[in-house]
Amino acid sequence: MKLVLAILAVLLLAIASLFIGVSDVSLPTLLSSAPEDRPMQVLLISRVPRTLALILSGVAMAVAGVIMQMLARNRFVEPSTAGTVESASLGILVVTIFAPGLPLIGKMLVASLFALAGTALFMRILKEIPLRSVLMVPLVGIMLGGVISSGTAFFAYRYDLLQTLGNWTLGDFSGVLRGRYELLWLAAGLTGIAYIAADRFTVAGLGEDFTTNLGLDYRRVLTLGLSIVAMVTAVVVVTVGAIPFLGLIVPNLVAMAMGDNIRRSMPWIAVTGAGFVLACDIVGRIIRFPYEIPIGTVFGVVGSALFLYLLLRRNARLG
Amino acid sequence: MIRAQNVSKAYGEALVVDGVSLELPAHGITSIIGPNGAGKSTFLSMVSRLMPMSAGTVTVDGLDVTRTPSDVLARRLSILRQDNHIAARLTVADLVAFGRFPHSRGRLTVADKEHIDRAIGYLDLTDLAGRFLDELSGGQRQRAFVAMVLCQDTDYVLLDEPLNNLDMKHAMGMMKIMRRAADELGKTVVLVLHDINFASWYSDWIVAMKDGKVRHQGPASQIMRPEILADIYDMDIKVHEIGGRRVSVFYE
């Protein structure tokens, strides 16, 4: 029941998102002008795609975050603290340099492979070096991401692609138009698969021994989860750019209230993720109206503040 | 019946389990005892396919544990290791419900729910069912894990030091539950125990390991003898008979 209310709230945000912008789009102007006229065209070509892109990427990144947290068995891991985002960016850079003519889906697939390799490397490091502190795990991930992204930046500089690189690493929805966001539906499909497999990820979150005892192949669950995370991340990075901390904050907030049984919490994570992204995008659009602040920046500020809160709160509990 | 043939585990040069051949009888409680580093836990992990063997074979009711599909084995044999750290925030009821996963793949039936309620009741966790695991004491959490394993409802239940973290009352309660599971439900319970008096009091069969090998095995009355215990633990242990059962004293 509460979930229905939350979905309604997200719908309200989505409607608000449709009607915010420089060009005058409102119910009266839409009704008073013909469908070929400017207001309706702006709505269909720019506003609706943007709003859909926000919802889809919010849902997908939040769900990717909770899967990572279960597989790494650490609360503070998500695609941007595990080298996934950085690896995906490296993948796109490689495609842009060596096969610039590749269609978007091809770029996405290459980025997915890179993201998968980077994340697998991160998981490998976790397995080889048992870390005593929960906080060391995301730090190692951030360091790994730093190493990868400095390599990426070096080659981007050499090939004069630094500005393009910025588009992938800093989430921004202002460039979303019809025909340039549809790949995100793929991310939504992957989220659906993740929901079907939700129990497996919860079981994997109990550890390898419990997973084996319950008759599941731990490596297979790991592969499935990491593949979903890598592809979702690649799609989002290719189409709108990374949204840091989203996959960390949303699952943590939901887990505080209702725990980690993913079958139950995933709908909430999806809805909260969509709402969060919509809200931050709206804030970014009105704070310096008529100019825009990219959502990556807004989320970076809001997200890191919330991240610090979660860290400190956690420490208080442990101590 | 669980049959181990020539099972070994080597880490480099060191043999932790050294050619163990053993038949664990079906039904009843079998306890594996022995000093630290005897290879008890490693042996149990290999029997339950959590750890690969360096050599040898283990069969459970004739099924080779390394070749039988894991989900088939999960309906026949359950294992709980010691020292379980779970970061996930699950409620006791959720955790226990996952014990049904091998049977229902996450879609709980009415029969599953009965199993869950029964397991929670058995372990005296009814009042704690809605609590998150990270809000429990070590002993309560240990009981929740055991409830999950019992909820799995397998013929064979393997527990590695199930009395860890339990106070006297709950340790006794746990052993009584194992006894009931063996007597009333016909389960085969295999325990790794450190407290030899609990092993003596509640087990049908005791396997004593030392240096990776099975040193002695037999009914409790045969193993609970000063010369055998001295051989296993390298210390002077007195054995008294109280109420027809053997109890050891080793405090000085």
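Residues numbered from 1 in each chain as written. Chains lettered and ligands numbered in written order. Predicted model: local features only at pLDDT ≥ 70, side-chain atom pairs only at ≥ 80, totals over all residues. Heavy atoms only, no water.

A. Spotlight on the overall build of chain A. Looking only at helices and strands, chain A features 14 helices and 0 strands. The linear arrangement of helices and strands in chain A, starting from the amino end, is α-α-α-α-α-α-α-α-α-α-α-α-α-α. The globule rule puts the C-alpha radius of gyration for 319 residues at 20 Å, and the 20 Å found for chain A is close to it. With the C-alpha coordinates of chain A rotated into their principal frame, the extents come out at 65 × 55 × 35 Å. Intrachain contacts of chain A at a sequence separation of at least 6 include 77% that bridge at least 24 residues. Only carbon and sulfur atoms are counted for the fraction: they give 69% of the accessible area of chain A, which is about 14100 Å². Chain A carries 23 positive and 16 negative side-chain charges, and their two centres are separated by 6 Å. (Helix = DSSP H or I, 4+ residues; strand = E, 2+ residues; numbered from the N terminus. Rg over C-alpha atoms; globule rule 2.2 N^0.38 Å. Contact = heavy atoms within 4.5 Å. Areas by Shrake-Rupley, 256 points an atom, 1.4 Å probe, with all protein chains shown as cover. Lys, Arg positive; Asp, Glu negative; His and termini not counted. Charge placed at Lys NZ, Arg CZ, Asp CG, Glu CD.)

B. Just the packing of helix H12 (residues 246-258) of chain A against helix H13 (residues 262-286) of chain A, in detail. All names here are of chain A. Taken N-terminus to C-terminus, the directions of H12 and H13 make an angle of 130°; their axes are 9 Å apart at the nearest point. Here H12 lies oblique to H13, going by the angle between them. Note that H12 runs across H13; the crossing there is right-handed. Here H12 contributes Leu-246, Ile-249, Val-250, Pro-251, Leu-253, Val-254 and Met-258 to the contact with H13, which in turn contributes Arg-264, Ser-265, Trp-268, Ile-269, Thr-272, Gly-273, Phe-276 and Val-277. Class assignment of the residues belonging to the contact of H12 with H13 gives a composition of 11 nonpolar, 3 polar and 1 charged. (Axes fitted to C-alpha atoms, helices over the stretch in contact; angles between N-to-C directions. Parallel < 35°, antiparallel > 145°, perpendicular 65-115°, else oblique. Left-handed = near helix turned anticlockwise from the far one by under 90°. Nonpolar A, V, L, I, M, F, W, Y, C, P; charged D, E, K, R; others polar.)

C. The sheet that holds strand S5 (residues 63-64) of chain B, seen in detail. All names here are of chain B. Taken together, the 4 strands give an open sheet; going across it, the order is S2-S1-S4-S5, and neighbouring strands pair in antiparallel fashion. Of all strands in the sheet, those with a lone pairing partner are strand S2 (14-24) and S5, marking the two edges. Bridge count between strand S4 (residues 55-60) and S5: 2 bridges; the pairing is antiparallel. Across the sheet, Thr-59 pairs through a bridge with Asp-64, a residue of S5. Relative to strand S1 (residues 2-11), helix H1 (residues 40-47) is tilted by about 120°, and along the sheet it contacts S1, S2 and S4. (Pairing = 2+ DSSP bridges.)

D. A look at the domain arrangement of chain B. Residues and elements named next belong to chain B. The domain boundaries assigned to chain B delineate domain 1 (1-76 + 155-170 + 184-252) and domain 2 (84-153). A separation of 25 Å is found between the C-alpha centroids of domain 1 and domain 2. Domain 1 puts 15 residues into the contact, and the matching count from domain 2 is 12 residues. Here domain 1 and domain 2 share 5 residue pairs in polar contact (both at pLDDT 80 or more) between them. Elements with a minimum of two residues in the side of domain 1 that touches domain 2: helix H2 (70-74), strand S7 (156-160) and helix H7 (168-184). (Domains from an automatic or database assignment. Polar contact = N/O pair within 3.5 Å; in protein donor to acceptor, adjacent residues only side chain to side chain.)

E. Summary view of the interface of chain B and chain A. At the interface, 31 residues of chain B touch 25 residues of chain A. Both sides together, the interface formed by chain B and chain A hides about 2300 Å², and carbon and sulfur atoms give 55% of it. When residues of chain B are sorted by the area they lose upon contact with chain A, Arg-89, Phe-98 and Phe-101 of chain B head the list and together hold 26% of the total. Counting across the chain B and chain A interface gives 2 salt bridges. Notably, a salt bridge pairs Arg-81 of chain B with Asp-209 of chain A, separated by 3.0 Å at the nearest N-O pair. The interface formed by chain B and chain A includes 11 residue pairs in polar contact (both at pLDDT 80 or more). (Buried area = accessible area lost by both parts, 1.4 Å probe. Salt bridge = Lys/Arg side-chain N within 4 Å of Asp/Glu carboxyl O.)

F. Broad picture of a nonpolar patch on the surface. All names here are of chain A. A cluster of nonpolar residues, Met-1, Val-4, Leu-5, Ile-7, Leu-8 and Leu-11, forms a patch on the protein surface that exposes about 620 Å² of accessible area. Here Leu-11 is to be found in helix H1 (residues 2-18). Accessibility expressed as a relative area gives 47% for Leu-11, which makes it partly exposed. (Patch = residues over 30% accessible without salt bridge, like charges linked within 9 Å, V, L, I, M, F, W, Y side chains within 5 Å. Buried < 20%, exposed > 50% of the residue type's maximum accessible area, 1.4 Å probe, protein only.)

G. Seen up close, the packing of helix H4 (residues 84-98) of chain A against helix H5 (residues 104-128) of chain A. All names here are of chain A. Close contact between H4 and H5 brings their axes to 7 Å; oriented N to C, the two are set at 140°. Here H4 lies oblique to H5, going by the angle between them. Considering how the two elements wind past one another, H4 and H5 form a crossing that is right-handed. Together, Thr-84, Ser-87, Ala-88, Leu-90, Gly-91, Ile-92, Val-94 and Val-95 of H4 and Lys-107, Val-110, Ala-111, Phe-114, Ala-115, Gly-118 and Thr-119 of H5 make up the contact between the two elements. Across the contact of H4 with H5, the residue classes tally to 9 nonpolar, 5 polar and 1 charged.

H. Local environment of the packing of aromatic side chains. Residues and elements named next belong to chain A. All told, the structure shown has 5 aromatic pairs over all chains when counted by the stated rule. Measuring from centroid to centroid gives 5.2 Å for Phe-154 and Phe-155, while their planes differ by 75°, and the two rings are edge-to-face. Taking the relative accessible area as the measure of exposure, Phe-154 reaches 41% and is therefore partly exposed. Judged by its relative accessible area of 40%, Phe-155 falls in the partly exposed class. (Phe/Tyr/Trp six-rings, centres within 6.5 Å; stacked < 30°, edge-to-face > 60°.)

I. Main features of H4 of chain A. All names here are of chain A. Here H4 is 15 residues long and its end C-alpha atoms lie 21 Å apart, about the 21 Å a rise of 1.5 Å per residue gives. With 11 of its 15 residues buried, H4 lies for the most part within the structure. The set of residues buried in H4 consists of Thr-84, Val-85, Glu-86, Ser-87, Ala-88, Ser-89, Gly-91, Ile-92, Leu-93, Val-95 and Thr-96. On its buried face, H4 is in contact with H5, helix H6 (136-158), helix H7 (162-169) and helix H11 (218-239). (Expected span 1.5 Å × (residues − 1).)

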